[in-house]
Amino acid sequence: MTLRWRIVALVAAATCAAVAAVGVLVHTASRDRELSQARDAARTTLDRAAHGYARTGGVQGSGAVLDAPGLPDGLRRLVRKGHQGTEFTTGPGGPAMWAARPADGQVLSVRVDLSTAMRDIGALDTNIVLAGLMTTAVVLPLGMLTAERMSRRLRLAAATARRIAAGDLDARISAATRPHDEIAEISGAVDSMAAALQERLLDEQRFTADVAHELRTPLMGLVTAAELLPPGEAAGYVSDRVRVLSTLVEDLLEISRLDAGAEQADLSPCPLAPVLDEAIAGTGLAARLRTGTAGDTGQRDGAEGPKVWTDPRRLTRIVANLVVNAHRHGREPVEVTMAADGRTVTVRDHGPGYPADLLEKGPQRFRTGVRERGRGHGLGLTIAAGQAQVLGATLEFGNAPDGGAVATLRLPEGPEPAPIQD
């Protein structure tokens, strides 16, 4: 049950409970008042009749009766013991208040009919029930409206928090400040948290960009110095390490540009198969290109296969990073598959698969997951995901049922062709 319906149920229960409590109190008070008045009236009439009986020896015209046949047995026994008393009955004759006392060995009694009073109390009970229903009918919609407003504000806060968790740090609730309003306090706390997270992330991005730029100058010096070393094993090792460091710096700069939103795709229609061939060849690693229509042979329909609306340079970068990651952290064979729709590309290895943390949260820089996935700085998949976002594509990560990591890239559809004008 949602919070809104819980509040509505609570309002309805509270209203019904209040109406029931008021109804019971009013009913009890009215009944007790009527019985008290009837008891006083019966006693007064009985006393007057007793004085008249003592003077005249008769009860005619006094409203009292000697040895009345309908007198309650309990009251009759009480009078036989020499006492006087009253009793309320609801016998066949209707509700009544009896008062009785001894009179020369007989029972002198008075009966006050309460049928009209009890009908009035019944009518009062009916009116209380109707008033309670009308009150509930008025209060319940107001409670529903209030609960809906509270629920809508809480849903907005929850949706904004989910957007922030998904990476949209510009999302804000922007709720008006209200004193003694807990929901407004929660909204303000979420906005403050988002602002603090955004500032920290921007600081980290600026730091990464600054470090990458600062490293370029000494790196160029290292490259020059490595080229001046005499040929040999040491020179080869230094050149290899400089090349690795240069690649890392370039990756950091590319991530900085992606973080800053400075990357813009140059979209155009191009054949997909040659782009995949170029991406695989650029890695210098073994990978088999398959198509969704020709099986494992790598043969394609037509000279170049289907065309897609994309940026070839960025698509090459994405596929190359996925192939390198498959070789670095998985096991051969590595397969690049172009689906029959011409817009979906999958890269699969036959290693231990992607770690659960990557599948849950996506690629994260400087994190490679579990130990068996190998070593690395975790930037390849981060760059691939960023470039896919620039292309308007989706990049999903999963594991094959029979083992191995599977990265699926789905390219967007191109614009509709313009109609031919006659």
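Parameters at a glance
- Residues numbered from 1 in each chain as written.
- Predicted model: local features only at pLDDT ≥ 70, side-chain atom pairs only at ≥ 80, totals over all residues.
- Heavy atoms only, no water.
- Helix = DSSP H or I, 4+ residues; strand = E, 2+ residues; numbered from the N terminus.
- Rg over C-alpha atoms; globule rule 2.2 N^0.38 Å.
- Buried < 20%, exposed > 50% of the residue type's maximum accessible area, 1.4 Å probe, protein only.
- Contact = heavy atoms within 4.5 Å.
- Lys, Arg positive; Asp, Glu negative; His and termini not counted.
- Charge placed at Lys NZ, Arg CZ, Asp CG, Glu CD.
- Core = buried A, V, L, I, M, F, W, Y, C linked by side-chain atoms within 4.5 Å.
- Salt bridge = Lys/Arg side-chain N within 4 Å of Asp/Glu carboxyl O.
- Pairing = 2+ DSSP bridges.
- Axes fitted to C-alpha atoms, helices over the stretch in contact; angles between N-to-C directions.

Chemist: Is there a simple way to explain the overall build of the chain in this structure?
Modeler: In terms of helices and strands, the chain carries nine helices and eleven strands. A compact globule built from 422 residues would reach a C-alpha radius of gyration of about 22 Å, whereas the chain, at 46 Å, exceeds it by more than 25%. Taking the principal axes of the C-alpha coordinates as reference, the chain spans close to 150 × 55 × 55 Å. Here the chain, with 422 residues, has 34% of them falling under the buried criterion. In the chain, once contacts between residues fewer than 6 apart in sequence are set aside, the share between residues at least 24 apart is 60%. Here the chain contributes 47 positively and 50 negatively charged side chains, and the mean placements of these two sets differ by 10 Å.

Chemist: How do you make sense of the nonpolar core when you look at a structure like this?
Modeler: Side chains that are nonpolar tend, in soluble globular proteins, to be buried together. Core analysis: the largest hydrophobic core is formed by 33 residues, its most contacted members being Leu-322 and Val-336. For this core, the elements supplying multiple residues, two or more each, are α6 (272-283), α7 (312-329), β8 (335-338), β9 (344-348), α9 (379-391), β10 (394-399) and β11 (405-410). What Leu-322 contacts, discounting residues up to four positions off in sequence, is Val-347, Leu-381, Ala-384, Leu-395, Phe-397 and Ala-407. Among the nonpolar cores identified, the runner-up in size contains 16 residues, and Ala-50, Ala-64, Met-97 and Ala-103 belong to it.

Chemist: Looking at this model, I keep getting lost on the pattern of salt bridges. Mind explaining?
Modeler: Where charged atoms from two side chains of opposite charge approach closely, those side chains can pair. Per the stated rule, a full pass over the model turns up 17 salt bridges. For Glu-335, the salt bridge goes to Arg-288, with nearest N and O atoms at 2.7 Å. Separated by 47 residues along the polypeptide, Glu-335 in strand β8 and Arg-288 in strand β6 (residues 288-291) bring together distant segments of the chain. Relative accessible area serves as the criterion here: at 9%, Glu-335 is assigned to the buried category. Put simply, Arg-290 and Glu-335 hold a salt bridge, and the shortest N to O gap is 3.1 Å. Of the two residues, Arg-290 sits in strand β6 while Glu-335 sits in strand β8, which places them 45 residues apart along the sequence. Owing to a relative accessible area of 22%, Arg-290 belongs among the partly exposed residues under this scheme. Bridged by salt links that share partners, the residues Glu-148, Arg-152 and Arg-155 form one connected network.

Chemist: Would you mind going over the sheet that holds β10 with me for this structure?
Modeler: Strand pairing in a sheet is mediated by backbone hydrogen bonds. Such pairs are either parallel or antiparallel. Reading across the sheet, the five strands line up as β6-β8-β9-β11-β10 and stay open at both edges, with mixed pairing between neighbours. Of all strands in the sheet, those with a lone pairing partner are β6 and β10, marking the two edges. Pairs of neighbouring strands in the sheet enclose a mean axial angle of 20°, with direction left out of account. Across four bridges, β6 lies against β8 in parallel orientation. Paired with Arg-288 across the strands is Glu-335, a residue of β8. This element, α6, spans β6, β8 and β9 of the sheet and lies at about 170° to β8.

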